[in-house]
Amino acid sequence: MNFSAVNKKANRVFLLPAIAIIVLSLVQCTPKHQVASSFKAGTTADDPNKGLKDYYKSYFPIGVAVNTAALHGPDSALIVKEFNSVTAENDMKMGPIHPSENVYNWKNADDIVDFATSHHIKIRGHNLCWHNQEAAWMFKGADGEPVTKELLLKRLKDHIFAVAGRYKGKIYAWDVVNEAVDDSNDTTQIYRKSNWYNICNGPDFIEAAFRYAHEADPQAKLYYNDYNSEHPVKREKIYKLLKKLVEDHVPIDGVGMQAHWKLNEPSPGELRKALDEVTSLGLKVQFTELDITIRLPQLNPAPGATTTPVPDPGYTPELEAKQIAQYKMAFDIFRQYKKFITNVTFWNVSDRYSWLDQRGGGLMGGAAAGGNTTRMVKKAYPLLFDENRQRKKAYWSVVGF
Ligand code: G3I
């Protein structure tokens, strides 16, 4: 037996495993081969000072809808840490800010503008013309009868000049017109039959509002804002409105897609289709009111059927997992469209309070469903922060890219 051969064999028998152990231990020690934790190494857990706005600073501002209570209470620290844009949830709407012809309530809106300005936070104005929380006095003459189109448009112009003019240079983007598109599946009905539409006998008020806003603040970015903008029928209606505004050279910068979404809506394809259509017009996109309710719409019971409220299962692990996946899907696509998206704003700060809770937790029950269902107040748990203002797992699916 050739000893050298024996030695070689012995070496192979002992040396190879030793090499393998060394290589394996090296591989295990190299950080990039560490077992992936629930989020990418070097992000949140290692950097307690980073917030959503920091993770997305090379993408787009991350905003939140606020009321004045949020600015002077426990929410304020979270707002300053996590966000670099705010929207007034209610305080700049026509009714709250301009309740009668010669009365303006500036206090709350000024408070929000002062808070944001002092913290170098962008401000989105919401909104200059809407069919809800409207200034009802605008539609009636001294005789209580509906005003003429001319008088209504003058009142709209005075309102926009006063509000957009007051915050000129401070509010960087306005939801000029909110939810003017019809919600039904009737493809022949483009526009919502609001007081605005009915008195103007058509959609002229939309173009007028944008022109007034541009005249009042030429630097502000002007958006048309609506919900269900990913639903195929409504998406096409919104596209037709936007296409007409662009063709008529109306001063509009983009569309606000409210993004009041559900665990299973929109699909990735619906979201991409909506983004592709709008951006094909040369418009920008802002997601203006993002929340993802864990409640699925409740089918209305047959008329006369007795509705027994189902027990609220709460924020179960199964629902949480679906919400995490939907938030991840959304932000993966947002990042891919970053050159078109100029703001992503959440609607409310944490699960402690959501407008959805007022409506039975996103269930289409209660008044939202024509009132023929038992109003079951259920929490929607729609945001990235829980009821104690702590980051939920969904937060990590948004920043862990
Ligand atoms: O301020 C009054 C208060 O004086 C009164 O005592 C109280 C009792 O009724 O009502 C208070 O007004 C409420 C207001 O929120 C401020 O809290 C209104 O009733 C209530 O209807 C209103 O709800 C707002 C809703 O718009 C109105 O449609 C929600 O907070 C707000 O989150 C929601 O936001 C809208 C966006 O502006 C547009 N996109 C849809 C989104 C959700 O509906």
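The structure under discussion appears in the preceding block.
Rules of the game
Residues numbered from 1 in each chain as written. Predicted model: local features only at pLDDT ≥ 70, side-chain atom pairs only at ≥ 80, totals over all residues. Heavy atoms only, no water. Helix = DSSP H or I, 4+ residues; strand = E, 2+ residues; numbered from the N terminus. Expected span 1.5 Å × (residues − 1). Buried < 20%, exposed > 50% of the residue type's maximum accessible area, 1.4 Å probe, protein only. Salt bridge = Lys/Arg side-chain N within 4 Å of Asp/Glu carboxyl O. Near = heavy atom within 4 Å. Polar contact = N/O pair within 3.5 Å; in protein donor to acceptor, adjacent residues only side chain to side chain. Areas by Shrake-Rupley, 256 points an atom, 1.4 Å probe, with all protein chains shown as cover. Nonpolar A, V, L, I, M, F, W, Y, C, P; charged D, E, K, R; others polar. Phe/Tyr/Trp six-rings, centres within 6.5 Å; stacked < 30°, edge-to-face > 60°.

## Re helix α11 (residues 268–279)
Here's step 1: For α11, with twelve residues, the first-to-last C-alpha span of 16 Å sits near the 16 Å given by 1.5 Å per residue.
Here's step 2: Among the residues making up α11, those that are buried are L271, A274, L275, E277, V278 and T279.

## A word on the pattern of salt bridges
Here's step 1: This model, assessed by the stated rule, comprises 23 salt bridges.
Here's step 2: Residue R124 pairs with D175 through a salt bridge whose shortest N-O separation is 2.6 Å. On the criterion of sequence distance, the pair formed by R124 in strand β3 (residues 122–126) and D175 in strand β4 (residues 173–178) is long-range, its members being 51 residues apart. With respect to class, R124 is no different from D175; both count as buried.

## Here we look at the site of the ligand
Here's step 1: Near the ligand you find 16 residues, and of these E89, K93, H126, E289 and W347 are the closest.
Here's step 2: At 3.0 Å from an oxygen atom of the ligand is found a side-chain nitrogen or oxygen belonging to N90.
Here's step 3: In the environment of the ligand, a nitrogen atom lies 2.7 Å from a nitrogen or oxygen atom belonging to the side chain of E289.
Here's step 4: Coverage of the ligand by the protein amounts to 49% of the 800 Å² it exposes when considered alone.
Here's step 5: Residues that form the shell around the ligand fall into these classes: four nonpolar, eight polar and four charged.

## Observations concerning the packing of aromatic side chains
Here's step 1: Under the defined criterion, the tally for this structure stands at 23 aromatic pairs.
Here's step 2: Taking the centre distance of 6.1 Å and the plane angle of 25° together, the rings of W196 and F205 count as stacked.
Here's step 3: Since its relative accessible area comes to 1%, W196 is described here as buried.
Here's step 4: By relative accessible area, which is 3% here, F205 ends up buried.
Here's step 5: Both rings, one in F385 and one in Y395, keep their centres 5.6 Å apart while their planes meet at 65°; by these two values the pair is edge-to-face. Highlighted residues: F385 in the loop between α13 (355–358) and α14 (393–399) and Y395 in helix α14, separated in sequence by ten residues.

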